[in-house]
Amino acid sequence: IAPNLNVKKVYLSYRLEEKDYQDSSIIDNNTYFFKGSVPEATRVHIAAVYKKDKEFNFNRDVAELYIEASDITVNHLDSFSQGNVQGSKSQQTYLKMKARLKKSNDELLRLMQQHNQFIDESKKEEVFKINEEIDKIMIDQRSIFHSFFLENISSPFAIHILISYEYTGAMPEQVDSLFAQLPSE
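Residues numbered from 1 in each chain as written. Predicted model: local features only at pLDDT ≥ 70, side-chain atom pairs only at ≥ 80, totals over all residues. Heavy atoms only, no water.

*Asks:* Is there a simple way to think about the pairing of strand 6 (residues 83–86) in this case?
*Replies:* Put simply, side chains in a regular strand alternate between the two faces of the sheet. Pairing geometry for strand 5 (residues 73–76) and strand 6, over 4 bridges, is antiparallel. Residue pairing across strands places N75 opposite N84, the latter belonging to strand 6. Turn length for the strand 5-strand 6 hairpin, with the two strands adjacent in sequence and antiparallel, is 6 residues. (Pairing = 2+ DSSP bridges. Helix = DSSP H or I, 4+ residues; strand = E, 2+ residues; numbered from the N terminus.)

*Asks:* Explain the pairing of strand 4 (residues 62–67) to me, please; I cannot follow it from the model alone.
*Replies:* Taken across its 6 residues, strand 4 has 5 buried, putting it largely inside the fold. Pairing of strand 3 (residues 42–50) with strand 4, which is carried by 6 bridges, proceeds in the antiparallel orientation. Across the sheet, residue V44 finds its bridge partner in strand 4, namely L65. (Buried < 20%, exposed > 50% of the residue type's maximum accessible area, 1.4 Å probe, protein only.)

*Asks:* What's the story with the packing of helix 2 (residues 89–120) against helix 3 (residues 124–151) in this structure? I'm lost.
*Replies:* Packed helix pairs are specified by the crossing angle of their axes together with the interaxial distance, meaning the distance between the axes. Between helix 2 and helix 3, the shortest axis-to-axis distance is 9 Å and the interhelical angle comes to 170°. With respect to each other, helix 2 and helix 3 are oriented roughly antiparallel. Grouping the amino acids of the contact of helix 2 with helix 3 by side-chain chemistry returns 15 nonpolar, 8 polar and 7 charged. (Axes fitted to C-alpha atoms, helices over the stretch in contact; angles between N-to-C directions. Parallel < 35°, antiparallel > 145°, perpendicular 65-115°, else oblique. Nonpolar A, V, L, I, M, F, W, Y, C, P; charged D, E, K, R; others polar.)

*Asks:* Looking at this structure, I do not really get the pattern of salt bridges. What am I missing?
*Replies:* Once their charged atoms are close, side chains differing in charge can pair, the charge on each being opposite to the other. Taken as a whole and assessed by the stated rule, the structure comprises 9 salt bridges. The shortest N-O distance in the salt bridge between K123 and E121 comes to 3.1 Å. Using a relative accessible area of 33% as the deciding quantity, one classes K123 as partly exposed. Connected via shared salt-bridge partners are R15, E18 and D20. (Salt bridge = Lys/Arg side-chain N within 4 Å of Asp/Glu carboxyl O.)

*Asks:* Before we go on, may I ask you to explain helix 2 in this structure?
*Replies:* An α-helical turn contains 3.6 residues, so any two residues separated by three or four positions project in the same direction. Given a rise of 1.5 Å per residue, 32 residues ought to cover 46 Å, and the 43 Å separating the end C-alpha atoms of helix 2 matches this to within 8%. Along helix 2, the helix axis deviates most sharply at K102, where the bend reaches about 55°. Along helix 2, the positions that sit buried rather than exposed are S90, Q91, T93, Y94, M97, L101, S104, L108, L111, H115 and F118. Looking at the buried side of helix 2, the elements it contacts are strand 4, strand 6, helix 3 and helix 4 (158–167). The first or second residue beyond helix 2 is S122, which carries a positive phi of 55°. (Expected span 1.5 Å × (residues − 1). Bend = angle between axes of the 7 residues up to and from the residue. Contact = heavy atoms within 4.5 Å.)

*Asks:* Even after reading the chapter, I still don't get the sheet that holds strand 3, so can you show me in this structure?
*Replies:* Remark on secondary structure: sheet strands pair via backbone hydrogen bonds, oriented parallel or antiparallel. Read from one edge of the open sheet, 4 strands run 2-1-3-4, paired in antiparallel fashion. This sheet does not close on itself; its edge strands, each paired only once, are strand 2 (19–26) and strand 4. Geometrically, the sheet is characterised by an average inter-axis angle of 25° between neighbouring strands, direction not taken into account. As paired strands, strand 1 (residues 7–16) and strand 3 are joined by 7 bridges and run antiparallel to one another. Among the inter-strand pairings, L12 is bridged to a residue of strand 3, identified as I46.

The structure is reproduced here in structure tokens:
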């Protein structure tokens, strides 16, 4: 951890097999350490607690990353949430997926903000038009997830891609067909 961040403690939290887990680590010499294992690629949140009172800001103080059964190093430089992760293939795959979705996610965010504004202003016709645009983006994202899944089918992260694909409104038989293509251990 960069010394200028003034972090005193770090919390690690994740959910696995319907159970929530949390651990903490005291910062020693600008370093923190967690030891354990996970059976599969797992999304975790790492949150910073500062030496000086600082109002909590999720975007600044929480890092979201994917871990797996390997030695992983996270270097935090400018803010705690912006870290460089080494040793996790799942994290690298996640970052590639995130980059591929950036344009459509940015557009989705813009449309959702407009959608909420139109709802507040009771503009039903505009809400309907925005919903149609959102549906088109979800169809585009479904296509992105589908191809990304096939490109990364042997990645430990593949199941997370498939879950995201399902959230875009893919039909159950489409999801089942892709699931059947996953390599068995």
